[in-house]
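Here's the letter readout for the chains.
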Amino acid sequence: MNSDKENLDENTIQKAKNTAESYLKNNYKNIDKIEFSDDYSSLMEGFMIRGIVNNNNEANFSIDMDVNNNFEIGSVGTGEKFPDKKEEVRLKIVTIKIAKQ
């Protein structure tokens, strides 16, 4: 995938990194270090940011966010060795699914 870094200003990239870092640390267990890739993909209303956690290439992630809507996260993909979600996050997801039924 091509990098669209030249089409994104540094302020937008830094806000996206800050949002992604906050999301990962607040929702997943044992996130000690986050490294972002320089491979950014511009999408229609946002972009995809990628990286790894805890120096483990198999603990990779990609986060799609809407930069025009307060950097709202649309989806998150994680690699095979990515840390588990925090228990309180998993319980919240189960509660939401049950409430929607």
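Residues numbered from 1 in each chain as written. Predicted model: local features only at pLDDT ≥ 70, side-chain atom pairs only at ≥ 80, totals over all residues. Heavy atoms only, no water.

The name an unreviewed UniProt entry assigns to the chain is DUF1433 domain-containing protein, from the organism Virgibacillus dokdonensis.

Chemist: How do you make sense of the packing of aromatic side chains when you look at a structure like this?
Modeler: Aromatic rings in a pair are described by how distant their centres are and how their planes are angled relative to each other. With the rule as written, the count across this model stands at 4 aromatic pairs. Pairing Tyr 23 with Tyr 28 gives two aromatic rings, centres 6.4 Å apart and planes at 65 degrees, and the pair type is edge-to-face. Tyr 28 sits in the buried class, given a relative accessible area of 7%. Ring geometry for Phe 36 and Phe 61: centres 5.9 Å apart, planes at 90 degrees, overall edge-to-face. With a gap of 25 residues between them, Phe 36 in strand E1 (residues 34-36) and Phe 61 in strand E4 (residues 56-66) connect regions that are remote in the sequence. Residue class for Phe 61 comes out buried when judged on its relative accessible area of 3%. A connected cluster of aromatic rings, assembled from ring pairs, spans Tyr 23, Tyr 28, Phe 36, Phe 61 and Phe 82. (Phe/Tyr/Trp six-rings, centres within 6.5 Å; stacked < 30°, edge-to-face > 60°. Buried < 20%, exposed > 50% of the residue type's maximum accessible area, 1.4 Å probe, protein only. Helix = DSSP H or I, 4+ residues; strand = E, 2+ residues; numbered from the N terminus.)

Chemist: Any chance you could explain the pairing of E4 here in plain terms?
Modeler: Residues in a regular strand point their side chains to alternate faces of the sheet. The pairing of strand E3 (residues 47-53) with E4 spans 7 bridges and is antiparallel. From the neighbouring strand, Met 48 faces E4, where its bridge partner is Asp 64. The antiparallel pairing of E3 with E4 creates a hairpin that spans 2 residues between the two strands, and Asn 54 there sits at a positive phi of about 55 degrees. The sheet contact formed by E4 and strand E5 (residues 72-78) spans 6 bridges and is antiparallel. Bridge pairing links Phe 61 to Thr 78 in E5. (Pairing = 2+ DSSP bridges.)

Chemist: It is not clear to me how the pattern of salt bridges should be interpreted in this structure. Could you clarify?
Modeler: In a structure, side chains of opposite charge can pair up when their charged atoms sit close to one another. This structure, assessed with the given rule, holds 1 salt bridge. Where Glu 21 meets Lys 25, a salt bridge forms, and the shortest distance between an N and an O atom there is 3.1 Å. Of this pair, Glu 21 and Lys 25 both sit in helix H1 (residues 10-27), 4 residues apart, roughly one helical turn. (Salt bridge = Lys/Arg side-chain N within 4 Å of Asp/Glu carboxyl O.)

Chemist: Is there a simple way to explain the nonpolar core in this structure?
Modeler: For soluble globular proteins, nonpolar side chains are generally found buried alongside one another. The biggest cluster of nonpolar side chains holds 18 residues, and the ones touching the most others in it are Leu 24, Ile 49, Val 53, Phe 61, Ile 63, Met 65 and Phe 82. Sorting the residues of this core by element identifies H1, E3 and E4 as the ones contributing at least two each. Aside from chain neighbours lying at most four places away, what touches Phe 82 is Leu 24, Tyr 28, Ile 31, Val 53, Glu 58, Ala 59, Asn 60 and Phe 61. (Core = buried A, V, L, I, M, F, W, Y, C linked by side-chain atoms within 4.5 Å. Contact = heavy atoms within 4.5 Å.)

Chemist: Would you mind going over the environment of Ile 73 with me for this structure?
Modeler: By secondary structure assignment, the location of Ile 73 is in strand E5. Along the sequence, Ile 73 and Ile 63 sit 10 residues apart, while their C-alpha atoms lie 7.0 Å from each other. Other than its neighbours up to four places away in sequence, Ile 73 contacts Thr 19, Tyr 23, Ile 63, Asp 64 and Met 65.

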